Amino acid sequence: VCSQLIDGRFHTECGHFIGLHSRVQDCLRPNCLFSRRHSHMVGCKSQSCIRLMALPVKNPIRISPTVCSDCKAREKPLMPETPRSA
């Protein structure tokens, strides 16, 4: 079954993965709709063909010891509103 590989940065502090690049890994099966070796024409209606991709695979190409930017933004305290004079 074909799958999508996602290269990205893994943040060890918060455990979040930020995708930077993705690509499809071809399973090379003739009955997979996503393979370049798919044996049927476009618009295949064969019941024997695989119609779903595998779950995406996360490939951490960079490891960051900090929290991600989304977590930093959530942790940042909100600025208190200053009272306006009338």
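Residues numbered from 1 in each chain as written. Predicted model: local features only at pLDDT ≥ 70, side-chain atom pairs only at ≥ 80, totals over all residues. Heavy atoms only, no water.

(A) Broad picture of the overall build of the protein chain. Helices and strands together make up the secondary structure of the protein chain, namely 1 helix and 3 strands. Listing each helix as α and each strand as β along the protein chain from the N terminus yields β-β-β-α. The burial tally for the protein chain puts 21% of its 86 residues in the buried class. When the accessible surface of the protein chain is summed, it comes to about 7100 Å², and 56% of that surface belongs to carbon and sulfur atoms. (Helix = DSSP H or I, 4+ residues; strand = E, 2+ residues; numbered from the N terminus. Buried < 20%, exposed > 50% of the residue type's maximum accessible area, 1.4 Å probe, protein only. Areas by Shrake-Rupley, 256 points an atom, 1.4 Å probe, with all protein chains shown as cover.)

(B) Representation of a nonpolar patch on the surface within the structure. A surface patch of nonpolar side chains, amounting to about 320 Å² of accessible area, comprises V24, L33, F34 and M53. Mapping V24 onto the fold places it in strand β2 (residues 17-25). Overall, the relative accessible area of 53% leaves V24 in the exposed class. (Patch = residues over 30% accessible without salt bridge, like charges linked within 9 Å, V, L, I, M, F, W, Y side chains within 5 Å. Salt bridge = Lys/Arg side-chain N within 4 Å of Asp/Glu carboxyl O.)

(C) Molecular detail of the pairing of strand β1 (residues 3-11). Pairing geometry for β1 and β2, over 8 bridges, is antiparallel. Paired with D7 across the bridge in β2 is H21. Linking β1 back to β2 in an antiparallel pair, the connection comprises 5 residues, with G15 at a positive phi of about 80°. Bridge count for β1 against strand β3 (residues 57-64) is 7 bridges, and the pairing is parallel. Each bridged residue has a counterpart across the sheet, and for F10 the counterpart in β3 is I63. (Pairing = 2+ DSSP bridges.)

(D) Spotlight on the side chain of S3. With respect to the helices and strands, the residue S3 is situated in strand β1. Using a relative accessible area of 10% as the deciding quantity, one classes S3 as buried. Every residue in contact with S3, bar those within four places of it in the chain, is listed here: R23, V24, Q25, M53, A54, L55 and V57. (Contact = heavy atoms within 4.5 Å.)

Function-wise, these values are silent; they only describe arrangement.
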